[in-house]
Structures are given as C-alpha cells and as structure tokens.
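Breakdown of the fold
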Amino acid sequence: MPAGQIDASLTRNLEGDRAIVAGVEIDGDDEPIAYHVHRTPPDAPFNLLGETVRIPADEVLHIFDRQHPGQIRGLTWLHPALAKLSDFDAASDAMLMSLKTQALFAGFIIDLNGGTGGFDGNESGGAVNLALEPGGMRFLPAGTDIKFAQPGGGLSQLAEFLKIQLLDFAAARGLPYEMLTGDLSETNYSSARFSALQFRRRAEMLQKTLIEGQFLRPLWRRFIGWKALTGDLPADAAASPDYKVTFTPPGWPTIDPLKETNADIRALESGLKSRAEIIAARGRDPDEVAREIEADHIPARQEVIQ
C-alpha cells in the first residue's frame, strides 16, 4: 500500500497509555501496535477517505528511513531539496521566457525625417502597433525611442545558476551530479569513481536497513513460520541453521573492470577479502558460481578419462 493510505489526519489520545499519531497507533513505549488505513488509496477514482480500517502492527511491514528515535512516519526523500526544486523551477521558467522574448524581437525602424515612413505598422490604419511577434519589424512614432533592459550576464550566467541549483539538489538528495543529470562533460575516472563509491555506500546502507532489515527478513520469518505450521518444515525451522537465508543484492557495474579485478585479486591474495565476499559484491551467489565452475571442468575430466 502507498504510505498515503495511512490516515495522517487521525491523531488523538486513547484509553490508557495508547495514542494515535498520524494514523499510527502506539502504546506507552511508543511502539506501533496498529495502523489505521483507508480502504482505498488516496489517488483512487471516486475515493472516499472517511472510513479507516484498524490493522494490527504484526500484520504490516511499515518501511521507512528512520531519521531520529521515536519517529512514527517517514518523510519524503525530497524534503531536503524541495526549496531548491522550487528555485530551479522558477529559474527555468525565467530562462524560457527570456528565450521566447529574444525569439520574438527582430528590430525597430526609426524615421530620421520625423515620421513613420508612411506606414504605422498596423494594416488597419489605426494606432501604431508595437506588439512583438516572431520576425516582426516595427516603425516607431516620431519623437519616441525604446530601450530594452540587458540583465548582466545574460543566458550564460542563468545557465550556470541552473547548474548550481542542480548541484545543490544532488547534494541534498545524496546523489552524484552526473547520475542526476547525465552530464559527464567534466567527469574523469577518479571523480566518477569517488562519487560512485559515496553513492554506493549510502545505497548499500539502505539495502541493509530498509530492504533487507525492514522487509525481506521479517517476510522470511513469517514465511518460515507459516510453512512450519502447515507441516512442510520442522517446527524449529526459523531457528535452525539449515534454513539460514542470505540476501544478495544486484552487483554494481565496474567503472574500470581491469583495475577493479586486479584490486580484488590482490585483496584476495593478501587475505583482506574472501572469495565469497568478492563474488557477492558482483551480485552472484558464491555457491552457484562454485557449481558453475565445477560444471565447466566436468567435460575436461571426462575427456581425460576416455
């Protein structure tokens, strides 16, 4: 369910030490014991958000990045950069309007004899038409002049300002600038590797704490318990080492495969890394890789025996 389906407007005290905070019911120790959830998502057509259903907390996996102790609900990952996004949107609109204005303007004709050159710029013969349009040329009335403001820096400074806004947004969101924009014009191997390692460190932390810690492991424990109740597994399967589970996230693409492979070989030879750790970092199961290597050697062995 989307997080917005929990009734964030529901906050009140209950009997005893219980309370409902933003749709989450907590006990005296501030531990969630139930969630008050709308029957339909908030963006569903013909949605009625009045009625909620109380769901016990042990039936719900509420996954969010906890920023401080006692936090009940998660925050959008964009909240550190919302102000910057607003500035970027306003600056982008201003740059677009400036480009449109420049595309409209062509020039003005001033009659040195003090007239309008016999043409007032309006085919109907009415007042002088000074409206701008693409490729337009306009006569100015006698005794008048017009000047356009020229903001300092022009479009080059505005483009640089937009880039700074994107840099600030990337920093606030914890993303490499190159990954956010796809701009690799000022990127070399060292800078790309440094930014990728910083992002990888945070992504791996989120994989462990959010995806694995708050979702996959609780789901696995519930599954093992259910299979034990149905008799398909022993009653102590959840605690048995025979049913120990390992979660392997997808591997990270290498920036320079030769350099990183040589580094792994040196780390393995020096005892700083294990073979299983290196294989798991590439998103593979070490046991599966061992079976594939063994299968590769079977035809060679059979040929030797023959």
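Residues numbered from 1 in each chain as written. Predicted model: local features only at pLDDT ≥ 70, side-chain atom pairs only at ≥ 80, totals over all residues. Heavy atoms only, no water.

The next subject is the packing of aromatic side chains. The final tally for this structure, using the stated rule, is three aromatic pairs. Ring plane angle 85 degrees and centroid distance 6.2 Å describe the contact between Phe-199 and Trp-252, whose orientation is recorded as edge-to-face. Of this pair, Phe-199 sits in helix H4 (residues 189-229) while Trp-252 is found in the loop between H4 and helix H5 (257-269), placing the two residues 53 residues apart along the sequence. Judged by relative accessible area, which is 25%, Trp-252 ranks as partly exposed. (Phe/Tyr/Trp six-rings, centres within 6.5 Å; stacked < 30°, edge-to-face > 60°. Helix = DSSP H or I, 4+ residues; strand = E, 2+ residues; numbered from the N terminus. Buried < 20%, exposed > 50% of the residue type's maximum accessible area, 1.4 Å probe, protein only.)

With that out of the way, let us pick up the environment of Asp-30. Within the fold, Asp-30 resides in the loop between strand E3 (24-26) and strand E4 (32-38). With 41 residues separating them along the chain, Asp-30 and Gln-71 place their C-alpha atoms 9.2 Å apart.

A word on H4. At Glu-212, H4 is deflected by roughly 50 degrees, the largest bend along its length. For H4, the full list of buried residues reads Ala-192, Ser-195, Ala-203, Leu-206, Leu-210, Glu-212, Pro-218, Ile-224 and Lys-227. The N-terminus of H4 is capped by Asn-188, whose side-chain oxygen sits 3.3 Å from the backbone nitrogen of Ser-190. The first or second residue beyond H4 is Gly-231, which carries a positive phi of 85 degrees. (Bend = angle between axes of the 7 residues up to and from the residue. Polar contact = N/O pair within 3.5 Å; in protein donor to acceptor, adjacent residues only side chain to side chain.)

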